[in-house]
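Coordinate analysis (summary)
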Protein chains: 4
Amino acid sequence: MLDARWQRPPFDVVRAAHAELQVTDLEAARHFYVDLLGLVVTEATTDALYLRGYEERVHHSLVLRQMRNQTRVEDPRTPAGAATGAVPAAAAAAAPEAAPEAVPAAVHLAYRVAREEDLDRLAAFFQERGCPLQWLDPGDEPGQGRAVRVQDPLGFPVEFFCAMEPAERLLQRFDRYRGAHVLRLDHFNLHVADVQAAYDHYKALGFRCSEYTATDPPGPEEKLWAAWMYRKPNVHDVALMNGDGPRLHHLGFWVSDTQSVLRACDIVAAAGRADAIERGPGRHGLSNAFFVYLRDPDGHRIELYTCDYYTGDPDFEPIRWSVNDPRRGTFWGHAAPASWFEESSRVLDLDGRLVPVEPAKLSERPQTVT
Amino acid sequence: MLDARWQRPPFDVVRAAHAELQVTDLEAARHFYVDLLGLVVTEATTDALYLRGYEERVHHSLVLRQMRNQTRVEDPRTPAGAATGAVPAAAAAAAPEAAPEAVPAAVHLAYRVAREEDLDRLAAFFQERGCPLQWLDPGDEPGQGRAVRVQDPLGFPVEFFCAMEPAERLLQRFDRYRGAHVLRLDHFNLHVADVQAAYDHYKALGFRCSEYTATDPPGPEEKLWAAWMYRKPNVHDVALMNGDGPRLHHLGFWVSDTQSVLRACDIVAAAGRADAIERGPGRHGLSNAFFVYLRDPDGHRIELYTCDYYTGDPDFEPIRWSVNDPRRGTFWGHAAPASWFEESSRVLDLDGRLVPVEPAKLSERPQTVT
Amino acid sequence: MLDARWQRPPFDVVRAAHAELQVTDLEAARHFYVDLLGLVVTEATTDALYLRGYEERVHHSLVLRQMRNQTRVEDPRTPAGAATGAVPAAAAAAAPEAAPEAVPAAVHLAYRVAREEDLDRLAAFFQERGCPLQWLDPGDEPGQGRAVRVQDPLGFPVEFFCAMEPAERLLQRFDRYRGAHVLRLDHFNLHVADVQAAYDHYKALGFRCSEYTATDPPGPEEKLWAAWMYRKPNVHDVALMNGDGPRLHHLGFWVSDTQSVLRACDIVAAAGRADAIERGPGRHGLSNAFFVYLRDPDGHRIELYTCDYYTGDPDFEPIRWSVNDPRRGTFWGHAAPASWFEESSRVLDLDGRLVPVEPAKLSERPQTVT
Amino acid sequence: MLDARWQRPPFDVVRAAHAELQVTDLEAARHFYVDLLGLVVTEATTDALYLRGYEERVHHSLVLRQMRNQTRVEDPRTPAGAATGAVPAAAAAAAPEAAPEAVPAAVHLAYRVAREEDLDRLAAFFQERGCPLQWLDPGDEPGQGRAVRVQDPLGFPVEFFCAMEPAERLLQRFDRYRGAHVLRLDHFNLHVADVQAAYDHYKALGFRCSEYTATDPPGPEEKLWAAWMYRKPNVHDVALMNGDGPRLHHLGFWVSDTQSVLRACDIVAAAGRADAIERGPGRHGLSNAFFVYLRDPDGHRIELYTCDYYTGDPDFEPIRWSVNDPRRGTFWGHAAPASWFEESSRVLDLDGRLVPVEPAKLSERPQTVT
């Protein structure tokens with residue numbers, strides 16, 4: 001379970017910073033993220049879009065990359081039958097034998113660090129653990145300085161970087177605000193097969209825990225079901241949830257108020273995409289956030305998130321929730337749909353192949369799952 | 001179906017004005033309506049509360065009346081088994097044989113008229129149709145002038161009145177605002193067995209239609225499934241929905257903004273009454289209203305309602321929705337729970353007995369009903 | 001002072017419906033109303049724009065007309081020096097000798113009526129009062145049916161019409177919402193030299209009074225300083241304020257919530273037009289509205305307005321405010337700038353000439369005017 | 001001017017944590033802070049109130065202390081004439097010769113640190129600088145652990161502490177929310193005579209700078225007019241503004257949204273205290289915050305503050321504003337009242353005497369000061 005000591009490793013991870021998603025149709029993805037949600041395009045290449053929120057002073061917090069369909073059939077690992085079309089992220093989870101390139105997936109998740117030398121120390125940390133590792137030179141990822149990518153012990157493709165090219169901050173360009181008025185990336189939420197191991201890993205990286213879910217009954221036998229971990233002092237930079245993993249459950253973007261969440265629903269529905277609204281809007285018990293979950297055209301899940309709280313005090317005590325408390329998920333008592341518990345985006349390894357998914361270690365399901 | 005001519009009867013119904021609900025536990029009801037929703041108490045008697053919203057300049061828009069439990073067992077019509085306790089409004093609908101006094105119910109629904117003489121004209125109107133009728137002297141209903149009550153052709157106990165004692169308007173006493181910041185009663189929503197007949201009746205009373213739901217396919221064979229009818233120029237004073245009737249589906253109260261709806265959910269959930277949140281919050285396709293439906297401790301349904309639109313132009317054309325269009329109910333695509341379609345409050349006749357319920361004339365169910 | 005009897009003339013004015021403004025630079029005006037405030041263009045001609053709000057089902061609620069500069073110098077009444085450029089509306093008020101066409105001005109204010117025959121009855125009403133009058137055939141004003149224009153006894157160019165061509169209602173096209181999310185025209189506010197006479201005139205037209213301002217001390221000697229008059233049942237369709245007149249003080253547009261008002265300020269300021277924000281945002285004591293006043297590029301004043309209340313009950317009593325009560329103007333106590341009290345748009349007569357301005361009958365100034 | 005190096009002293013100040021204000025009438029102060037603004041009482045003694053916001057898990061973020069009137073005349077330093085009554089904070093600033101105890105004042109401002117040993121290191125830091133210093137045992141300040149108080153080089157009474165007794169977090173007790181829904185203390189704003197010296201001091205304490213104001217023209221001769229400094233990663237924990245000092249300009253409390261700010265204005269005005277609204281509501285250019293400034297019954301200034309942004313990235317560059325840019329103060333262009341620039345609360349030294357005020361080093365006034 002939880003480890004009350006706050007660990008202080010020799011590197012300083014600042015916050016969750018950006019993610020790269022592989023999509024099957026870049027134009028459809030642009031429509032969703034730019035036209036409907038209002039993310040701003042910093043740079044567009046033939047096969048990728050680099051996006052940011054209105055508050056962000058950096059080159060990108062979200063990269064959308066067009067899946068390279070033409071290379072699929074040439075891949076000897078690809079069964080012929082799988083080449084006929086892209087598989088939605090959710091379906092892919094149930095079909096791990098599909099060709100790596102044939103599914104939408106998360107390419108990498110990136111954390112920012114405080115100092116350049118933190119990158120070397122993090123590289124050492126992961127090498128000690130036997131993790132595959134790649135160095136990126138400045139510009140290998142457009143707009144970004146030197147970076148290191150690892151396949152972390154949980155199986156996720158994680159990047160650390162310190163420097164990023166500045167971009168114009170549009171926080172006060174209200175005349176350019178569109179859509180959900182997304183301000184910045186806030187967090188990653190991950191499906192992991194072993195939450196306790198994932199918690200221990202992030203603890204070792206210097207993350208603290210704000211809230212967690214545990215099995216009933218409370219006591220020495222209880223198991224960690226999910227944990228919300230942070231470096232910047234709000235509820236989380238990364239959430240770890242019990243489920244078949246490694247998979248990316250969602251990216252959380254910060255908006256300034258509940259109105260932005262409601263407006264996003266209105267806009268998405270008005271544009272004929274009400275089906276994109278998977279869960280909410282509502283109030284989370286855990287985190288107190290006001291939220292809505294949307295699914296992009298490839299099934300990648302996005303949370304619009306606001307109204308959590310400050311966690312930076314030295315004596316902050318993690319808040320425990322029972323996995324069977326329905327208010328944990330939705331303070332107002334609404335059940336989340338089964339898809340929300342079951343579907344997640346596959347992740348790629350450093351060579352661009354799908355990382356195999358292992359079944360969740362805790363097999364019982366919360367009573368609140370319908 | 002619809003009758004395009006706007007009828008101008010010799011009386012002027014101004015708006016939906018108030019309702020009286022019979023409750024099984026007046027203290028529990030007070031907690032819900034006053035402490036949680038923030039309605040203001042104008043007058044309290046031993047067995048009734050007279051409430052109003054912050055904007056209302058009149059004595060009451062909602063009367064809560066304690067059910068007289070002590071008289072139940074003495075009632076020869078009461079089967080012994082039914083006397084042990086009150087039956088929730090919803091269950092009562094399925095048990096029409098229960099004792100009249102043993103269930104929560106709607107005692108009467110009241111419309112305000114423009115002139116005293118309208119009351120006499122309305123009395124004549126209903127007498128021509130053979131409806132049971134009662135005259136009330138000023139003060140028979142506290143705070144109210146002369147009034148006439150009828151059991152209308154649809155089976156509802158309907159009251160008309162012109163004069164009501166003023167009460168202090170608290171619109172700008174923001175220091176006294178509590179709960180959902182309810183401003184005023186907006187409308188009644190009724191389950192009626194024959195929507196076409198109910199539409200024709202309200203049309204004869206001078207109501208216009210803003211929006212309606214019809215069966216598929218559109219054309220000469222289509223049937224009216226529901227109709228939103230108004231006298232004051234917003235979407236409705238009364239909605240008529242296909243269902244076992246006569247039953248009161250809900251009372252709609254106006255709040256000033258979406259924040260009031262969200263705050264109500266937060267408050268109700270914080271007070272341990274998340275179960276009271278039945279549907280929403282969300283955006284209705286039909287009416288464009290932002291809404292939440294709550295169930296009071298007796299199961300009476302309350303809607304908090306805002307953001308509809310102006311309907312007073314002479315050429316306003318009713319808007320048609322297909323009963324199978326999911327955006328009709330919830331613009332964002334959420335399904336409403338089955339309880340919302342099936343459960344309603346029974347109504348009393350002028351002698352205080354439960355009005356028998358007839359089955360809905362249209363038996364097919366919309367595809368959107370889960 | 002007030003006349004407590006509610007007059008019922010033989011015609012039915014429904015509401016304030018649209019206005020036509022003469023502007024000096026149509027492109028600048030388009031930028032302000034369309035790009036910044038988000039009004040929707042129904043029709044654009046070489047010298048006019050026909051605009052509506054998102055809720056409006058009609059062709060236009062605002063017409064912007066390019067001032068015909070080329071005709072100015074040919075006008076014998078124009079002093080040579082005045083021909084070099086347009087004069088801001090405010091300055092024009094102080095320079096009544098300027099050429100008629102050389103200033104921004106209100107061309108006409110239009111009310112909608114319930115029935116075609118109301119137009120004939122209104123024509124008779126104004127002819128009895130010796131007012132200049134013009135009939136318009138359908139289409140003379142694009143999108144509009146038969147109409148009658150009069151120069152009313154107060155000197156304003158007022159139009160009455162019944163039919164208008166429908167336009168697509170965009171209420172639920174949230175994906176197209178921009179700017180202040182203006183929903184519909186709500187009211188006109190007029191500077192009149194004799195408020196009592198203006199009140200009596202609108203009373204004769206069937207308008208009721210919701211709130212009014214009177215001089216101190218209260219009693220038989222008090223004078224009417226301002227009156228808010230309505231046909232549709234909210235606070236007003238027209239406000240009459242003591243001042244040099246006839247002049248148009250502002251057009252009030254309805255927005256759905258306080259957020260829309262704040263967003264408009266943010267947008268206008270972000271676009272480098274913070275100078276357009278003349279007063280507010282704030283809460284009016286009188287009307288309870290949440291408001292902001294903006295000045296368009298020609299100085300025409302626009303109010304974004306929300307949160308007033310229902311006034312349709314038969315016993316509604318007008319609310320009195322003392323002209324010296326600072327909460328009347330701004331509930332929060334802020335003083336309005338002098339420009340707000342003094343500056344207004346000139347109005348044209350039926351021949352397109354500036355109507356001369358007469359000084360306000362009440363010369364004392366409220367203590368709240370800085 | 002600014003020092004681009006981010007200093008890392010051997011102690012870790014976490015954030016601005018609480019303040020203690022001396023008030024002349026504790027009941028009046030309770031009405032303002034508890035009844036109107038909605039702060040929660042953790043503990044009340046005969047002469048003090050310990051308050052917190054809904055989010056705060058600690059004993060207090062604001063202490064209100066009743067001024068001890070009875071001791072005033074016994075003080076040999078008190079001129080007899082000054083003993084007759086309390087002097088408003090603002091007036092006191094202009095009357096430094098008044099008796100120390102006769103004025104409302106700030107008793108201390110407290111920062112929280114990450115570890116107990118930081119207190120010792122901070123004590124050493126201040127002793128090296130020759131600052132008067134006091135140690136407090138646990139409980140000397142109710143609810144608080146060991147603490148050190150210093151009179152810092154700028155003349156302010158500053159406290160550092162690590163441990164504080166927990167109090168129930170009410171973040172999700174929405175049924176108990178009242179008033180402005182204040183969530184937590186956010187920052188202090190100080191009038192200092194020498195902004196450059198104050199900036200250098202806070203820099204040495206490990207604070208970073210988010211935004212600053214400098215004199216025109218930009219260049220080597222420019223002077224620092226004001227600086228916003230932070231430890232927690234939002235815009236500030238402390239702001240340093242040019243002015244007669246040391247004086248406390250205001251305490252900033254965090255609210256969750258713009259609605260809370262507007263609601264506070266409505267409540268304060270409804271309670272007859274519109275005079276408490278000194279400036280705003282509005283949008284700051286500097287910080288992007290949506291704000292309102294209120295004056296408590298003693299003239300202490302409170303800001304309700306929301307919508308600033310994240311500043312924790314390693315390459316965050318301070319944003320420069322010209323002291324003559326009107327959008328710096330109010331993005332929407334409104335002028336701030338002179339009182340806002342001139343009036344501030346006096347501060348006490350560690351013995352409870354008023355600290356003398358020195359004139360601002362920069363004497364020119366911004367053009368935006370009216």
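Residues numbered from 1 in each chain as written. Chains lettered and ligands numbered in written order. Predicted model: local features only at pLDDT ≥ 70, side-chain atom pairs only at ≥ 80, totals over all residues. Heavy atoms only, no water.

**Here we look at the interface of chain C and chain B**
Taken together, the contact pairs 35 residues of chain C with 35 residues of chain B. Roughly 3000 Å² of surface becomes buried between chain C and chain B when both sides are summed, with 51% attributable to carbon and sulfur atoms. Per-residue buried area on chain C facing chain B is highest for C:Arg57, C:Gln172 and C:Tyr310; these three make up 20% of the total on that side. Across the chain C-chain B interface, the total number found is 6 salt bridges. Between C:Asp313 and B:Arg112 there is a salt bridge, and its shortest N-O distance comes to 2.9 Å. In this structure, the connection of chain C to chain B is made through 16 residue pairs in polar contact (both at pLDDT 80 or more). Counting only elements with at least two residues in the side of chain C that touches chain B, the list comes to strand S1 (13-23), strand S5 (105-113) and strand S17 (319-322) of chain C. (Contact = heavy atoms within 4.5 Å. Buried area = accessible area lost by both parts, 1.4 Å probe. Salt bridge = Lys/Arg side-chain N within 4 Å of Asp/Glu carboxyl O. Polar contact = N/O pair within 3.5 Å; in protein donor to acceptor, adjacent residues only side chain to side chain. Helix = DSSP H or I, 4+ residues; strand = E, 2+ residues; numbered from the N terminus.)

**Structural notes on unusual backbone geometry**
Cis geometry marks the peptide bond from D:Asp216 to D:Pro217; its omega dihedral reads -10°. The step from D:Gly280 to D:Pro281 runs through a cis peptide bond, and the omega angle for that step is 10°. Despite not being glycine, A:Ser287 has its phi angle at roughly 90°, a positive value. Residue placement: A:Ser287 occurs in the loop between strand S14 (277-283) and strand S15 (290-295). Of the residues examined, A:Ser287 reaches a relative accessible area of 2% and is grouped as buried. Even without glycine at this site, A:Asn288 takes up a positive phi of about 65°. Looking at where A:Asn288 falls in the secondary structure, it is placed in the loop between S14 and S15. Of the residues examined, A:Asn288 reaches a relative accessible area of 3% and is grouped as buried. (Buried < 20%, exposed > 50% of the residue type's maximum accessible area, 1.4 Å probe, protein only.)

**Remarks on the relation of the copies chain C and chain B**
Mapping chain C onto chain B calls for a rotation angle of 180° and an axial translation of 0.0 Å; the resulting RMSD is 0.0 Å. Interpreted geometrically, this transformation is the action of a two-fold axis. It is C:Asp257 whose C-alpha, among those of chain C, lies nearest the rotation axis, at 3.2 Å. When you check the interface residues of chain C against chain B, 100% turn up at the interface there too, and the contact is symmetric in its surfaces. (Least-squares fit on C-alpha atoms with pLDDT ≥ 70 in both.)

**As for the UniProt feature "domain: VOC" (unreviewed entry) in chain A**
The residues that UniProt annotates with the feature "domain: VOC" (unreviewed entry) are residues 15-163 and 184-307 of chain A. Across residues 184-307 of chain A, the secondary structure splits into 19% helix and 44% strand, with the terminal C-alpha atoms separated by 14 Å. (UniProt positions renumbered as here; feature names shortened; annotations may be inferred.)

**Quick word on helix H3 (residues 116-128) of chain C**
Owing to its 3.6 residues per turn, the α-helix brings residues three or four apart onto one side. Residues and elements named next belong to chain C. Considered for burial, the residues of H3 that qualify are Asp118, Leu119, Leu122, Ala123, Phe125 and Phe126. What you see down the axis of H3 is that its buried residues fit within an arc of 160°, all on one side. Against S1, S5, strand S6 (133-136), strand S7 (147-151), strand S8 (157-161) and helix H4 (195-204) lie the buried residues of H3. Where H3 terminates, the next one or two residues include Gly130, which has phi positive at roughly 70°. (Arc of directions from axis to C-beta.)

**Quick look at the relation of the copies chain A and chain D**
Mapping chain A onto chain D calls for a screw motion: a turn of 180° about the axis and a shift of 0.0 Å along it, with 0.0 Å RMSD after fitting. When the interface residues of chain A are mapped onto chain D, 100% of them are again interface residues, pointing to one common binding face.

**Re the pattern of salt bridges**
This model, assessed by the stated rule, comprises 112 salt bridges over all chains. Taking the shortest distance from any N to any O, the salt bridge between C:Arg65 and C:Glu20 comes out at 2.5 Å. One end of the pair, C:Arg65, is in strand S4 (residues 62-66); the other, C:Glu20, is in strand S1, with 45 residues separating them in the sequence. Residue classification places C:Glu20 among the buried positions, given a relative accessible area of 5%. Each member of the salt-bridge network shares a partner with another, and the members are A:Glu20, A:Asp47, A:Arg65, A:Glu141, A:Arg149 and A:Glu159.

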